[in-house]
Amino acid sequence: MSKPDYRKSAHWIACPPLGVEGGIAKAGPRVSTAKVHERQPLQPVIVKPDEAVADCFFVHGTIRESSGHPNIDSRLLMSPQTRTYQTNMISAFSHVARCFAPSYRMVTFAEDRPGGQEARWSMAFEDVAAAFSHFLEHWAAQRPLLLVGHSQGGVHVMRLLKRFFDGDNIAAMRLRARLVGCYAPGIWVTAADLPSHVPVCAGPGHVGSLAVWMCATETAELTSDTLVGRTVTALKSAPPIVVNPLTWLPARNGDGAAAAATAHLGALGVLPDGTPALFVDCCGGALARGGLLRLREISKRHAFLLAFYRGEGKDYHAFDLHLVWANVREQVRQQLENWLQAKFDAGSEDVSQDPALQQTETPRYHQTPNPTALAAGSNRWLRCTPFESALMCSIS
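Participant: Which residues make up the pairing of strand S12 (residues 276–280), and what are the values?
Facilitator: In terms of burial, S12 is a largely internal element, five of the five residues being buried. Sheet topology places strand S11 (residues 267–270) next to S12; four bridges connect them, and they run antiparallel. Counterpart to Ala267 in the pairing with S12 is Phe279. Linking S11 back to S12 in an antiparallel pair, the connection comprises five residues, with Gly274 at a positive phi of about 90°.

So, in structure tokens, the structure goes:
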């Protein structure tokens, strides 16, 4: 496989400047298991590129394939169904950002096992790094930035943090000053894996922080019941860090406080006709324990809702982002609002408290965001009967 050419639209899943849109172009209904049938006007969940306040760079995870070809170009596996699955994840950020998502020569499931895969992983990462460099040089300018990756994509995002954002050089400090937030769900991250200058998320709206989590059932065992646990246990000697997306607080010593069902703002799924939908009242809360974000069933009667997201056994790995989609969107909104407020408070001549950055070009935006406008659309969904949720698993 030849190297991707990131000047061409064919090598992007999402790239607005090249005409490849990312995110959900149409809004869907709000599905509640507890409330009556009711319909209201919809709001879009994707902002127009020329109105976006920030940029998001998203790295997709491993795409299943059966050919066994090493480092297969993900373009070859990007069926309409797979593309929808990826853009649905991207849509957690498309309400405030232009979204960029490259294709790359990923490590396949057949190769993704401990030992002897360094060259494969290196090739995949260098593709992602090349895409990120092209993105920064040609399109990102000095705009606020979100960095996101799921599963294998999260691994590459962690390496991007260390290559581009770590260190005391001016380029790294400038990027850190622009970082609104970083998300890497679906991977095993230990304290030793963390970059030096990007902190773990410590609460709602924490600007420039890293959030990581792996979704599973309440009774799942990390090393035997999850895809990530079975894959990388031999490579890890420390427990994974977990940030609970319902509270945005990290677990301490492996455990965290439980979040109630009311803290879960909604999971992204689809209706039988393929329309994206926000499913509320489908999760009974979550607890970070034993390296996993353990989602609770809201009731035995409605246990089938979470079951549709489940993979083999007790793992929700494929839907780490979908399951907390609305919480992520609200966190991103708060982070961006806080980021902008800090820049405006600092004054137009100073974009960072770091003296080394005082001569950095002041970020320019298409418009000054109104907090009310940023929030618009987050919770304006249709309501429909709980029975319409039965086929939401068709998202993947």
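Now that the structure is up, let's keep going.
Participant: Pulling in residues and values, what's your account of the nonpolar core?
Facilitator: Phe57, Phe93 and Trp213 are the most contacted members of the largest nonpolar core, which has 99 residues in total. Examining the composition of this core, we find that 11 residues originate from one element, helix H2 (residues 118–140), more than from any other. In this view, Phe57 contacts Trp12, Phe100, Pro102, Val128, Ala131, Phe132, Phe135, Leu146, Leu147, Val148 and Leu160; residues no more than four positions away in its chain are not counted. Within the second largest apolar cluster, eight residues are counted, among which are Trp188, Ala216, Ala220 and Leu222.

Participant: Residue-level account of the state of the cysteines, with values.
Facilitator: Counted according to the given criterion, the structure contains zero disulfides. Cys182 takes part in no disulfide bond, and the closest cysteine sulfur, belonging to Cys56, lies 9.8 Å away. Judged by its relative accessible area of 1%, Cys182 falls in the buried class. The thiol of Cys215 is not disulfide-bonded; the next cysteine sulfur, from Cys283, is found 8.7 Å away.

Participant: I'd love a proper account of the sheet that holds strand S3 (residues 54–59), names of residues and values included.
Facilitator: Strand order in this open sheet of six strands is S1-S4-S3-S5-S6-S7, and the pairing throughout is mixed. Among the strands making up the open sheet, the edge pair consists of strand S1 (12–14) and strand S7 (209–211). Taken pair by pair, the neighbouring strands of this sheet meet at an average axis angle of 20°, ignoring direction. Bridging between strand S5 (residues 145–149) and strand S6 (residues 179–183) involves four bridges; their strand directions are parallel. Across the sheet, Val148 pairs through a bridge with Tyr183, a residue of S6. On the sheet, H2 packs against S1, S3, strand S4 (97–102) and S5 and is oriented at approximately 165° with respect to S3.

Participant: Please provide a residue-by-residue account of the sheet that holds strand S14 (residues 292–295), values included.
Facilitator: Strands sit in the order S8-S14-S13 across an open sheet of three strands; the sheet is mixed. Edge strands, defined here as strands with exactly one partner in the open sheet, are strand S8 (215–217) and strand S13 (286–289). Each neighbouring strand pair of the sheet contributes to a mean axis angle of 40°, computed without reference to strand direction. Bridging between S8 and S14 involves three bridges; their strand directions are parallel. Across the sheet, residue Ala216 finds its bridge partner in S14, namely Arg294.

Participant: Give me the lowdown on the packing of aromatic side chains, citing residues and values where you can.
Facilitator: Applying the stated criterion to the full structure yields 15 aromatic pairs. Between Phe57 and Phe132 the ring centres are 5.0 Å apart and the planes differ by 70°, which places this aromatic pair in the edge-to-face class. Taken together, the positions of Phe57 in strand S3 and Phe132 in helix H2 put the pair 75 residues apart, joining distant regions of the chain. Neither Phe57 nor Phe132 differs from the other in exposure class; each is buried. Of the aromatic side chains, those joined through ring pairs into one cluster are Tyr6, Trp12, Phe57, Phe100, Phe132, Phe135, Trp139, Phe164 and Phe165.

Participant: Talk me through the packing of H2 against helix H3 (residues 152–165); I want residue IDs and the actual numbers.
Facilitator: Across the interface, H2 lies against H3 with an axial gap of 10 Å and an inter-helix angle of 60°. As summarised for this structure, H2 and H3 are arranged oblique, according to the angle between their axes. In this structure, H2 meets H3 at a crossing whose hand is right-handed. Counted together, Trp121, Ser122, Ala124, Phe125, Glu126, Val128, Ala129, Phe132, Ser133 and Leu136 of H2 and Gln152, Val155, His156, Arg159, Leu160, Arg163, Phe164 and Phe165 of H3 form the full contact between these two elements. For the contact of H2 with H3, the class distribution of residues is 11 nonpolar, four polar and three charged.

Participant: Hey, could you go over unusual backbone geometry for me, with residue numbers and the actual values?
Facilitator: Located in the positive-phi region is Ser151, a residue other than glycine, with phi close to 60°. Tracing the backbone shows Ser151 in the loop between S5 and H3. Backbone geometry places Trp248, a non-glycine residue, at a positive phi of 65°. By the secondary structure assignment, Trp248 is in the loop between strand S9 (243–244) and strand S10 (249–250).

Participant: Lay out the pattern of salt bridges in plain terms, naming residues and giving numbers.
Facilitator: Counting across every chain of the model gives 10 salt bridges. Residues Asp5 and Lys8 are paired through a salt bridge, measuring 4.0 Å at the closest nitrogen-oxygen approach. Residue class for Asp5 comes out buried when judged on its relative accessible area of 17%. The partner of Arg143 in a salt bridge is Asp55, with the nearest N and O atoms 2.9 Å apart. Pair noted here: Arg143 is in the loop between H2 and S5 and Asp55 is in strand S3, with a separation of 88 residues, a long-range link. A relative accessible area of 1% means that Asp55 is categorised as buried. One salt-bridge network, in which partners are shared between bridges, spans Asp5, Arg7 and Lys8.

Rules behind the numbers
Residues numbered from 1 in each chain as written. Predicted model: local features only at pLDDT ≥ 70, side-chain atom pairs only at ≥ 80, totals over all residues. Heavy atoms only, no water. Buried < 20%, exposed > 50% of the residue type's maximum accessible area, 1.4 Å probe, protein only. Helix = DSSP H or I, 4+ residues; strand = E, 2+ residues; numbered from the N terminus. Pairing = 2+ DSSP bridges. Core = buried A, V, L, I, M, F, W, Y, C linked by side-chain atoms within 4.5 Å. Contact = heavy atoms within 4.5 Å. Disulfide = S-S within 2.5 Å. Axes fitted to C-alpha atoms, helices over the stretch in contact; angles between N-to-C directions. Phe/Tyr/Trp six-rings, centres within 6.5 Å; stacked < 30°, edge-to-face > 60°. Parallel < 35°, antiparallel > 145°, perpendicular 65-115°, else oblique. Left-handed = near helix turned anticlockwise from the far one by under 90°. Nonpolar A, V, L, I, M, F, W, Y, C, P; charged D, E, K, R; others polar. Salt bridge = Lys/Arg side-chain N within 4 Å of Asp/Glu carboxyl O.

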